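Residue-level listing of the chains:
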Amino acid sequence: MKIFHSINDFQSTQKTILTLGTFDGVHVGHSKILEKVTKNIEKGEYESLVLTFFPHPRMVLQGRSEIKLLNTIAEKIDLLEKTGVQNLVIHPFDESFSRLTAQEFVKNILVDKFHIQKIIIGHDHRFGRNRTANIDDLIGFGKQYGFEVEQISVQEVNAVSISSTKIRRALIEGNMALANEYLGYDYFITGTVIKGGQLGRTIGFPTANLQIQENYKLIPQNGVYIVKSSVNQETVYGMMNIGFNPTVAGERLSIEVHYFEFDTDLYDQKISVSILKRLRPEQKFDSVDLLKKQLEKDKNLALDYIKNL
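Read on for a plain summary of the structure. These figures come from a predicted structure and were not determined experimentally.

**Side note on the side chain of Lys118**
- Here Lys118 lies in strand 5 (residues 116-122).
- Here the side chain of Lys118 touches Glu150 through a polar contact of 2.9 Å, side chain to side chain.

**Observations concerning the packing of helix 7 (residues 164-172) against helix 8 (residues 176-183)**
- Running from amino to carboxyl end, helix 7 crosses helix 8 at an angle of 155 degrees, the nearest separation of the two axes being 8 Å. By the criterion of interaxial angle, the relationship of helix 7 to helix 8 is roughly antiparallel. Once helix 7 is placed against helix 8, the crossing between them reads as left-handed. Along its contact with helix 7, which presents Lys166, Ile167, Ala170 and Leu171, the element helix 8 presents Met176, Leu178, Ala179, Tyr182 and Leu183.

**A closer look at the side chain of Thr72**
- Inspection of the secondary structure puts Thr72 in the loop between helix 2 (57-61) and helix 3 (73-81).
- For Thr72, the residues in contact, after removing those within four places along its chain, are Glu214, Tyr216 and Lys217.

**Quick look at the layout of surface pockets**
- Of the pockets and cavities examined, the largest pocket occupies roughly 1200 Å³.
- Residue lining of the largest pocket: 42 residues in total, with Gly21, Thr22, His125, Arg126 and Arg131 positioned closest to the centre.
- Broken down by secondary-structure element, the contributors of at least two residues to the lining of the largest pocket are helix 1 (28-39), helix 2, helix 4 (95-98), strand 5 and helix 7.
- Residue composition of the lining of the largest pocket, by class: 17 nonpolar, 17 polar and 8 charged.

**Focus: the packing of aromatic side chains**
- Summed over the entire model, instances satisfying the criterion amount to 10 aromatic pairs.
- Ring geometry for Tyr185 against Phe188: centres 6.0 Å apart, planes inclined by 50 degrees, an arrangement best described as tilted. Of the two residues examined, Tyr185 and Phe188, each falls in the buried class.
- Centroid distance Tyr259 to Phe262: 5.6 Å. Interplanar angle 75 degrees. Geometry classified as edge-to-face. In this structure, Tyr259 and Phe262 share a single accessibility class: buried.
- Ring pairing ties together the aromatic residues Phe53, Phe93, Phe97, Phe105 and Phe127, which thus form one cluster.
- Its end group placed over the ring of Tyr267, Lys195 keeps NZ or CZ at 5.4 Å from the ring centre.

**A closer look at unusual backbone geometry**
- Each neighbour pair has its own omega, and for Phe54 with Pro55 the value is 0 degrees, a cis peptide bond.
- Relative to the helices and strands, Pro55 resides in the loop between strand 3 (46-54) and helix 2.
- Positive phi, normally seen in glycine, also occurs at Val26, with a value near 40 degrees.
- With respect to the helices and strands, Val26 occurs in the loop between strand 2 (15-20) and helix 1.

**Digging into the sheet that holds strand 1 (residues 2-4)**
- The strand order across the open sheet formed by 6 strands is 1-4-3-2-5-6, and the pairing between neighbours is parallel. Both outer strands of the open sheet, strand 1 and strand 6 (148-152), are each paired with one neighbouring strand and no more. The sheet shows a mean angle of 20 degrees between the axes of neighbouring strands, direction not considered.
- Where strand 3 and strand 4 (residues 87-92) come together, 6 bridges link them in parallel fashion. Residue Leu49 lies in a different strand from strand 4, and its bridge partner there is Asn87.
- Sheet strands in contact with helix 6 (residues 135-145) are strand 5 and strand 6, and its direction is about 155 degrees off that of strand 6.

Scoring rules and cut-offs
Residues numbered from 1 in each chain as written. Predicted model: local features only at pLDDT ≥ 70, side-chain atom pairs only at ≥ 80, totals over all residues. Heavy atoms only, no water. Helix = DSSP H or I, 4+ residues; strand = E, 2+ residues; numbered from the N terminus. Polar contact = N/O pair within 3.5 Å; in protein donor to acceptor, adjacent residues only side chain to side chain. Axes fitted to C-alpha atoms, helices over the stretch in contact; angles between N-to-C directions. Parallel < 35°, antiparallel > 145°, perpendicular 65-115°, else oblique. Left-handed = near helix turned anticlockwise from the far one by under 90°. Contact = heavy atoms within 4.5 Å. 1 Å grid on protein atoms, 1.4 Å probe; cavity = no way out; pocket = protein on both sides within 12 Å on 5 of 7 lines; lining within 4 Å. Points joined across faces, edges and corners; volume = space filled by probe spheres on them. Nonpolar A, V, L, I, M, F, W, Y, C, P; charged D, E, K, R; others polar. Phe/Tyr/Trp six-rings, centres within 6.5 Å; stacked < 30°, edge-to-face > 60°. Buried < 20%, exposed > 50% of the residue type's maximum accessible area, 1.4 Å probe, protein only. Lys NZ or Arg CZ within 6 Å of the ring centre and 35° of its normal. Pairing = 2+ DSSP bridges.

The analysis is restricted to geometry; functional conclusions fall outside its scope.
If you want it as structure tokens, here you go:
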């Protein structure tokens, strides 16, 4: 997959079959659209193209928006690459771009820059200044400029209108089953392993403490989770705590992963952690011994769950 970090960076004379959007999460609904984009490519005649944006438009247009995203840019690139799309354009979204009229966007970008042959789009897509244009407008532009518009209906997405907003809500509520069902894969977080307080090691539960650089990445509700990672091409399972470590009066949010039967130095390594299931909320215990006993219970529950995967 070729990656371009601006619309102006894209250079090709071939006609394209494209789709566009923020694609936050690259979820099941997005996958339906992307499958159609890649299946529409005829040998050598057209190129597939995804146009997406960063920052997220809400970050720019709603100054106080504290929207958290399902993917970092690097995570989104990895997910989109797996779909088989040939070209990915990540355009910097700013106020100037947001002021383009629907006509300017279609003529100057889709037609003149991307040589659009066909656009495949979700049933509820809106575009142009103030998002005033809809699918009917796009069909009209298609007739004017000679490109085809294919709309994905709600029914084609398993009769459920899956959205990034619904997935965010599920994660904030700790509902991993629903979030992962809508995503079509296990939600994951990516971070660098740093040194923590070392408490886990003293009670037999050493942890990898994750530092996530991207402050816009959505972290699920505080609690204990069953997780897995791929480390040095080996799949390892474990459990993760997201929270403030109230038993020892922690003050900062921490993300700590304890891997089962795994004792490799991970300091300074970047790892991804896939979240399979939420076991319980974070709790404050009256002593470290009581915390240790609960962790042993959590581990047994996690191991039973992993056996049945």
